[in-house]
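# Per-entry structural report
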Amino acid sequence: MIPLLTRESTARTRLHAPTLQTLPAAVAENLRRVQEAVSVPIMAVVKADGYGHGAATVAQAAVDAGAEWLGVTEVAEAVALRDAGLTVPILSWLNPSGVDAAAAAAHRIDIAVGSPGELRELIADADEPVRVHLHLDTGMARGGCPLEEWPELFRLARAGRGRVEVVGVMGHLPRADEGDPVANTAAVLRMRQGRDAVLRAGLGPVIVHLAATAGALTDPATHFGMVRIGAGLVGIDPSERTALTGAARWTAPVVHSAFAPASTAVGYGGTHHTEVDTHLCVVGVGYADGIPRELRPGAGVEIGGTRHPIVGRVSMDQIVVDTGSAAFPRGTVATVFGPEGGAVPSVQEWARWADSIPHTVVTGIGPRVQRSVA
Ligand SMILES: *Cc1c(COP(=O)(O)O)cnc(C)c1O
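Residues numbered from 1 in each chain as written. Predicted model: local features only at pLDDT ≥ 70, side-chain atom pairs only at ≥ 80, totals over all residues. Heavy atoms only, no water.

Turning our eyes to something else, we now look at unusual backbone geometry. Between Gly204 and Pro205 the backbone carries a cis peptide bond, its omega angle lying at -5°. Residue position: Pro205 is located in the loop between α8 (185–200) and β8 (207–209). Despite not being glycine, Ser263 shows a phi value in the positive range, around 75°. With respect to the element layout, Ser263 can be found in the loop between β10 (248–260) and β11 (265–266). (Helix = DSSP H or I, 4+ residues; strand = E, 2+ residues; numbered from the N terminus.)

In structure tokens, the structure reads:
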């Protein structure tokens with residue numbers, strides 16, 4: 001075996017750390033693409049740390065580009081956005097550890113309420129008025145108040161006036177990613193029914209919102225008074241109808257590089273054997289960093305302007321890449337994914353290789369991958 005690096009190359013250099021670089025210009029560009037499709041205000045959804053891209057970074061880029069609202073899962077995320085200087089209305093809708101009513105009131109964080117029980121708790125906890133969006137089940141059976149309980153929800157909302165102020169009504173589309181308006185018809189009808197019932201109950205005026213990225217991009221009937229855009233901001237259209245721009249670049253260093261003769265067994269279990277004499281690079285990211293362990297054939301990374309295949313098992317901290325006749329020295333920067341296309345894989349390609357969706361790729365990147373902003 002011929003060592004690629006000779007003893008002379010002993011200069012001490014720090015390698016490029018594995019880094020996810022968020023691209024705010026791409027977020028702004030994606031927001032513009034959504035603005036072309038809708039004529040209502042946009043809520044920028046930055047849950048799960050802005051789909052892994054940095055909640056405050058994505059939020060600021062989206063607001064600078066015209067988003068008028070922000071959306072998150074829980075109040076603590078919303079407070080962090082307030083601390084980062086964001087002043088637009090923020091809605092939080094899941095609050096898995098319960099609602100901190102005092103924080104919500106103090107920071108003007110809107111709370112989505114999906115059942116009479118949740119509303120009762122909030123009314124009991126609120127010393128100062130909390131802004132509320134009534135979350136109605138529009139056909140998903142995953143949160144949201146079922147039709148049978150609407151009258152009780154509305155009754156409580158009226159009775160709780162002074163402690164809660166109803167400012168919105170929301171639903172969620174279960175099948176918008178199909179990109180076919182027919183798949184949304186039942187939910188749109190249910191949303192209209194909900195809006196009318198809320199107004200009849202004397203709880204208006206309210207802002208009505210149903211659609212997320214896919215609905216916003218494919219079905220105007222779902223737009224109502226606002227759309228909630230999360231995936232779209234970071235370049236993911238769940239309906240795959242609109243080409244958006246990837247909003248991050250994930251790079252990692254080659255940490256080891258060597259010639260490998262034909263028939264070399266690679267990685268745990270020796271599941272791959274080199275077919276011909278070749279060069280192998282070890283790149284310093286693995287499944288602990290969010291590289292999916294189960295990958296279909298074809299998965300690769302960009303090194304030196306060319307796509308090279310990942311071979312053998314994905315390890316916890318590293319992957320092996322077959323670079324053929326090309327030898328890349330330790331320290332060469334590999335691109336795991338980025339917006340460029342061509343040799344640089346996209347998040348969508350990673351999702352296909354992992355038999356998953358792009359969302360899991362971007363939200364699965366581990367904490368030791370450094371974050372930066374372009
Ligand atoms: C995540 C989420 C969104 C954003 O959905 P995308 O498809 O990522 O745009 C909107 N609304 C609710 C309730 C959500 O949970």
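In spatial order, the strands read β8-β7-β6-β5-β4-β3-β2-β9; together these eight strands make up an open sheet with parallel pairing. The outermost strands of the open sheet, each flanked by one partner alone, are β8 and β9 (227–229). Mean inter-strand twist for the sheet, computed between neighbouring axes without regard to direction, equals 30°. Of the pairings in the sheet, the one linking strand β3 (residues 69–72) to strand β4 (residues 90–92) comprises three bridges and is parallel in character. Of the residues in β4, the one forming a bridge with Val72 is Ser92. (Pairing = 2+ DSSP bridges. Axes fitted to C-alpha atoms, helices over the stretch in contact; angles between N-to-C directions.)

By domain assignment, the chain separates into domain 1 (24–234) and domain 2 (248–373). Inter-centroid distance (C-alpha atoms) of domain 1 to domain 2 is 38 Å. Three residues, Tyr51, Gly52 and His53, lead the burial of domain 1 against domain 2; their summed loss comes to 58% of the area buried on that side. Where domain 1 meets domain 2, there are zero salt bridges. The interface formed by domain 1 and domain 2 includes zero residue pairs in polar contact (both at pLDDT 80 or more). For the side of domain 1 that touches domain 2, a count of residues per class yields four nonpolar, three polar and no charged. (Domains from an automatic or database assignment. Buried area = accessible area lost by both parts, 1.4 Å probe. Salt bridge = Lys/Arg side-chain N within 4 Å of Asp/Glu carboxyl O. Polar contact = N/O pair within 3.5 Å; in protein donor to acceptor, adjacent residues only side chain to side chain. Nonpolar A, V, L, I, M, F, W, Y, C, P; charged D, E, K, R; others polar.)

On to the nonpolar core. Formed by 114 residues in total, the largest nonpolar core has its most connected members in Phe154 and Phe337. Counting contributing residues per domain, this core is built from domain 1 (24–234) and domain 2 (248–373), each supplying no fewer than three. Leave out the neighbours within four places in its chain, and Phe154 touches Leu134, Leu136, Ala197, Val198, Ala201 and Leu203. Counting residues in hydrophobic clusters, the runner-up holds six residues, among them Val266, Leu280, Val311 and Val320. (Core = buried A, V, L, I, M, F, W, Y, C linked by side-chain atoms within 4.5 Å. Buried < 20%, exposed > 50% of the residue type's maximum accessible area, 1.4 Å probe, protein only. Contact = heavy atoms within 4.5 Å.)

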